[in-house]
Amino acid sequence: MLIKVCGMRDANNIREVEACGTDWMGFIFFAPSARNVTDRPEYLPVHARRVGVFVDADFKTMTEKIQEFGLHLVQLHGTESPETCLKLKQLGVEIVKAFAIRSPNDLKQTAAYTGTCDYFLFDTPCIGYGGSGKSFDWNLLQHYQGKTPFLLSGGIGPDSLEALASFHHPAWAGIDLNSQFETAPACKNTAALKTFIDQFKTLQL
Ligand SMILES: O=C(O)c1ccccc1N[C@@H]1O[C@H](COP(=O)(O)O)[C@@H](O)[C@H]1O
């Protein structure tokens, strides 16, 4: 089960979070976000895979960030089309398409992306496109019948372990951690993260 920690920006925090045993680390390239990354940190993860998070960015910007940050994956939180996903794949990155889930109907839109993305990410709807700190009703995901693996996202925090232990889905591939583990935007509480990650790994999901 993959563990992604998103909203990273500070070099020392990146080092510490990587040492917690994180599989993926997310860097947000969305100016309105409090976690927006402008400058390349002095340290970028070498053991964790690097995910660039975008919201309807233009293709040139995404290409530049992929090269500047050595991104392994891009996570798309806007209205990016299946064609855009395929075009990005040609740059050699894996694609994570995010969907905000509030009803079973929201899962129908995933069908058009089948075969164009490596992962889906199911998140809580919010006006800021992500980072709400709130969870959605994971039971809705029983309506997802697709084969594309997905990450659970949205408000996952230290108190989520019991809910995660009882969540089951054949396509569930990992979790995405963000604002519920912060002392300030883009500054992760590494002690809380380490405790949670160790406990999550003992669940052997
Ligand atoms: O975190 C943000 O500021 C953000 C802004 C725009 C798009 C995505 C963003 N974050 C993504 O949202 C998930 C869930 O965050 P949270 O756990 O609810 O705080 C986060 O992991 C990012 O992938």
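Our subject is the structure that appears above.
Predicted, not measured: the structure shown is a model, and the values here were computed from it.

Undergrad: Please give an account of the pattern of salt bridges that cites residues and values.
TA: Enumeration over the complete set of coordinates arrives at 9 salt bridges. Here lysine 65 ties to glutamate 68 by a salt bridge, and the two come within 3.7 Å at their closest N and O atoms. Residue lysine 65 and its partner glutamate 68 are located together in helix 2 (residues 59–69), separated by 3 residues, close to a single helical turn. Residue glutamate 68 is classed as partly exposed on the basis of its relative accessible area, which comes to 34%. Between lysine 89 and aspartate 118 there is a salt bridge, and its shortest N-O distance comes to 2.8 Å. Remark: aspartate 118 occurs in the loop between strand 5 (94–100) and strand 6 (119–123) and lysine 89 occurs in helix 3 (residues 82–89); sequence separation between them is 29 residues. What makes lysine 89 partly exposed here is its relative accessible area of 31%.

Undergrad: So what's going on with the sheet that holds strand 4 (residues 73–76)? Residues and values would help.
TA: Taken in spatial order, the 8 strands close into a barrel running 1-2-3-4-5-6-7-8, and their pairing is parallel. Strand-to-strand twist in this sheet, taken as the mean axis angle between neighbours without regard to direction, amounts to 30 degrees. Here 3 bridges tie strand 6 to strand 7 (residues 150–152), and the two strands are oriented parallel to one another. The partner of leucine 121 across the bridge, within strand 7, is leucine 151.

The rules behind each value
Residues numbered from 1 in each chain as written. Predicted model: local features only at pLDDT ≥ 70, side-chain atom pairs only at ≥ 80, totals over all residues. Heavy atoms only, no water. Salt bridge = Lys/Arg side-chain N within 4 Å of Asp/Glu carboxyl O. Helix = DSSP H or I, 4+ residues; strand = E, 2+ residues; numbered from the N terminus. Buried < 20%, exposed > 50% of the residue type's maximum accessible area, 1.4 Å probe, protein only. Pairing = 2+ DSSP bridges. Axes fitted to C-alpha atoms, helices over the stretch in contact; angles between N-to-C directions.

That's the geometry; what it means functionally is another story.
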